[in-house]
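# Working through the structure, step by step
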Amino acid sequence: MKTTVEVPDELYRRAKSEAALRGRKLKDLVEEGLRLVLEASRETSRPQSLAELMEGACGTVDSGIPDLASNPEHLTGFGRDARRHP
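Conventions used here
- Residues numbered from 1 in each chain as written.
- Predicted model: local features only at pLDDT ≥ 70, side-chain atom pairs only at ≥ 80, totals over all residues.
- Heavy atoms only, no water.
- Helix = DSSP H or I, 4+ residues; strand = E, 2+ residues; numbered from the N terminus.
- Buried < 20%, exposed > 50% of the residue type's maximum accessible area, 1.4 Å probe, protein only.
- Areas by Shrake-Rupley, 256 points an atom, 1.4 Å probe, with all protein chains shown as cover.
- Expected span 1.5 Å × (residues − 1).
- Salt bridge = Lys/Arg side-chain N within 4 Å of Asp/Glu carboxyl O.
- pLDDT = per-residue confidence, 0-100.

This part is about the overall build of the chain. Along the backbone of the chain there are four helices and zero strands. The 86 residues of the chain split such that 2% are buried. On the chain, roughly 8,600 Å² of surface is accessible, and the fraction owed to carbon and sulfur atoms is 57%.

What follows concerns helix α1 (residues 9–21). Each α-helix winds once per 3.6 residues, and so residues spaced three or four apart point in a common direction. Counted at 1.5 Å a residue, the expected span for α1 with its 13 residues is 18 Å, and the 18 Å between its end C-alpha atoms agrees. In the stretch just after α1, G23 is the one whose phi turns positive, near 70°.

As a further point, take the pattern of salt bridges. Any two side chains of opposite charge can pair if their charged atoms end up close together. Summed over the entire model, instances satisfying the criterion amount to five salt bridges. A salt bridge links E10 to R13; the nearest nitrogen and oxygen atoms lie 3.4 Å apart. With a gap of three residues between them, E10 and R13 both fall in helix α1, about one helical turn apart. Overall, R13 belongs to the partly exposed group, its relative accessible area being 48%. The shortest N-O distance in the salt bridge between R22 and E32 comes to 3.6 Å. Of this pair, R22 sits in the loop between α1 and α2 (26–45) while E32 sits in helix α2, and the two are 10 residues apart along the sequence. Three or more residues are tied together by salt bridges with common partners; here these are E18, R22, R24 and E32.

Averaged over every residue, the pLDDT of the chain is 80; the share at 70 or more is 81%. Model confidence for the chain, summarised as mean pLDDT per element, is weakest for helix α4 (residues 72–75) at 74 and strongest for α1 at 94.

Encoded structure:
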C-alpha cells in the first residue's frame, strides 16, 4: 500500500543516508522502523505477571532482629496442648 508521510527535512536526510549506508531503499528502512515500534508497544502494553512486578522486590531483608524461633521465651509450650500439660 502506498501512503504519504510528512517528516522534517533533517529526519528525511538522515533516514535516506542511513538507508544508503545499509544498501537499502528508504521505504525498507521506514517499514523496519514501523515494525520495531509496533512490536515494542505490544510488549509494553501487555499486563505484567506478578513475578515480573515483584522482580525488584525479591530477596531477603535483614531486620537485625534475631529469628524468634531461637528465643526460648517464644518456644515455651510450643508443640504442646496447653490443656493437657499445665
